[in-house]
Amino acid sequence: MNRNEIIARLMENDSTVLSFPDRGPWGDPKYRGNCSGWYQAFLIWKYKVKKFAELFAGSGTGFDVAKDMGVGYVGADLNPTPVRPGILCVNAVTDEVPIQFTDADFLFMHPPYGAEIRIPYAGSMYPDPSGELSKCDLGQMPWETFMKTLNGIVMKYFASLQSGARMGILMGDVRRNGLHSMLTDIVKPGGLEQVLIKMQHNTCSGGRSYSSKNFVPIVHEYILVLKKIAPYILDFQIPLKKKLDIRDSRSATWRDVVFAVLKKLGRASSLSNIYKEVEGYAKALSNPHWKDKVRQVLQMYPDFVSESRGIWSLAA
Ligand SMILES: C[S@@+](CC[C@H](N)C(=O)[O-])C[C@H]1O[C@@H](n2cnc3c(N)ncnc32)[C@H](O)[C@@H]1O
């Protein structure tokens, strides 16, 4: 496709919500998890890219787009038989960043979305007779392992960029056994320059109607654009998942703690049983008069009902 034709089409879509119903003439629509080439074209155009590097190059969509846009290209994928001449066979988990990547001014990634989405690559889109490639295929890793591995790869490739260069990551949400969101779980190195919404077309969920009222079909993906600012400093944001017992929380009020205790006990309970549930936890240790406090909230809030002297339950 001609560069001017491509740009004319991109200019009609110049906003943070990108919507291209056709995938364009690039790459291979039969390659599972392939993306439309309009998004790579948009990034090349918008950021005036001179050399486009692409990790997880898949069916060659990025290679084909870079060629039509007239910019340099280097790609990498786990596939031992690369589908285009500019794509290297690289295992992003174990191998170093190829030297050909380091002078790119834009590094694009469209990783697999973990095992939950059920699109394996090694042994499925290309042969893996020994099973060795499958062990490092991000499309076959359960979510927690997948995100941890991907975050390591993102940091490794970000470190290899020159200052001023950008990284663009195309990612999505997966609903299986709950919602998994790459946007919330991914590491974000450097300066966050843009979050683009990519509308998805022809999705399975888009055409269905759902009886469950709180089920919202997913019809978008995201592209994060990150910029490397300084040569030495690798600043990054990484989500931290923690669990805290409410009885050890500084921010929970005494009302919240007593409510949680009665909910857990599940029946009318004596003051001594309520005390036992709280004793020894940080909330009690931080207040020498904590028993008085427990009695005070029981009397103060309408959530609590006195069944008889010293016996308390939750209001119906
Ligand atoms: C979502 S697909 C990319 C599709 C591509 N954007 C296209 O349009 O064809 C993800 C790619 O990541 C590759 N991949 C999975 N694990 C990898 C690894 N450890 N190192 C390098 N590539 C890997 C897969 O082989 C697959 O081609």
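This one's a predicted model, so the numbers in the text were calculated from it and none came from an experiment.

Now for the sheet that holds strand β10 (residues 191–199). One open sheet accounts for eight strands, arranged β1-β10-β11-β6-β5-β2-β3-β4; its pairing is mixed. What marks the edges here is a single partner per strand, and that holds for β1 (17–18) and β4 (87–89). Set on the sheet, helix α3 (residues 61–69) makes contact with β2 (51–55) and β3 (72–77); between it and β3 the angle comes to about 180°.

Turning to unusual backbone geometry, a few remarks are in order. In this model, K48 sits at a positive phi of 50°, which is unusual for a non-glycine residue. Mapped onto the elements, K48 comes out in the loop between α2 (38–46) and β2. Taking the relative accessible area as the measure of exposure, K48 reaches 65% and is therefore exposed. Phi angles above zero are rare outside glycine, and N177 is one such case at about 55°. Within the secondary structure, N177 sits in the loop between β7 (173–175) and β8 (179–181). Using a relative accessible area of 77% as the deciding quantity, one classes N177 as exposed.

By domain assignment, the chain separates into domain 1 (3–237) and domain 2 (246–314). Its C-alpha centre places domain 1 at a distance of 50 Å from the equivalent point of domain 2.

Turning next to the sheet that holds strand β14 (residues 304–308). Whether parallel or antiparallel, the strands of a sheet pair through hydrogen bonds between backbone atoms. The three strands lie next to each other as β13-β15-β14, forming an open sheet whose pairing is antiparallel. Lying at the two open borders of the sheet, with one neighbouring strand each, are β13 (269–270) and β14. Contacting β13, β14 and β15 (311–314), helix α7 (residues 254–265) crosses the sheet at an angle of about 90° to β15.

Summarising the sheet, β13 and β15 pair through two bridges and their orientation is antiparallel. From the neighbouring strand, S269 faces β15, where its bridge partner is W312. Here β14 pairs with β15 via four bridges, running antiparallel. Paired with V305 across the strands is S313, a residue of β15.

Looking now at α2. Judged by how many residues are buried, α2 sits mostly within the fold: eight of nine residues are covered. Positioned one or two residues after α2, K48 has a phi angle of 50°, which is positive.

Let us now look at the site of the ligand. Around the ligand sit 23 residues, and of these Y31, S59, T61, D77 and Y126 come closest. With respect to the ligand, the side chain of Y31 contributes an N or O atom lying 2.6 Å from an oxygen atom. In this structure, A92 approaches the ligand through a main-chain N or O atom, which is 2.9 Å from a nitrogen atom. When the free accessible area of the ligand is taken as 600 Å², the share hidden by the protein chains comes to 99%.

Looking now at the packing of aromatic side chains. Counted according to the given criterion, the structure contains 14 aromatic pairs. Between the aromatic rings of F52 and Y73, the centroid separation amounts to 6.5 Å while the plane-to-plane angle is 35°, which identifies the pairing as tilted. With a gap of 21 residues between them, F52 in strand β2 and Y73 in strand β3 connect regions that are remote in the sequence. By relative accessible area, F52 is classed as buried at 0%.

Bringing the pattern of salt bridges into the picture now. Tallied over the full model, the rule gives 14 salt bridges. For D14, the salt bridge is made with K46, and the minimal N-O distance between the two is 2.9 Å. Of this pair, D14 sits in the loop between α1 (3–11) and β1 while K46 sits in helix α2, placing them 32 residues apart in sequence. With a relative accessible area of 32%, K46 lands in the partly exposed category. R255 is the salt-bridge partner of D256, the closest N and O atoms lying 3.1 Å from each other.

Further remarks concern the side chain of S269. Position of S269 relative to the elements: it lies in strand β13. Accessibility expressed as a relative area gives 1% for S269, which makes it buried. Non-local contacts of S269, meaning those with residues more than four positions away in its chain, are made with L262, I274, G310, I311 and W312.

Rules of the game
Residues numbered from 1 in each chain as written. Predicted model: local features only at pLDDT ≥ 70, side-chain atom pairs only at ≥ 80, totals over all residues. Heavy atoms only, no water. Pairing = 2+ DSSP bridges. Helix = DSSP H or I, 4+ residues; strand = E, 2+ residues; numbered from the N terminus. Contact = heavy atoms within 4.5 Å. Axes fitted to C-alpha atoms, helices over the stretch in contact; angles between N-to-C directions. Buried < 20%, exposed > 50% of the residue type's maximum accessible area, 1.4 Å probe, protein only. Domains from an automatic or database assignment. Near = heavy atom within 4 Å. Polar contact = N/O pair within 3.5 Å; in protein donor to acceptor, adjacent residues only side chain to side chain. Areas by Shrake-Rupley, 256 points an atom, 1.4 Å probe, with all protein chains shown as cover. Phe/Tyr/Trp six-rings, centres within 6.5 Å; stacked < 30°, edge-to-face > 60°. Salt bridge = Lys/Arg side-chain N within 4 Å of Asp/Glu carboxyl O.

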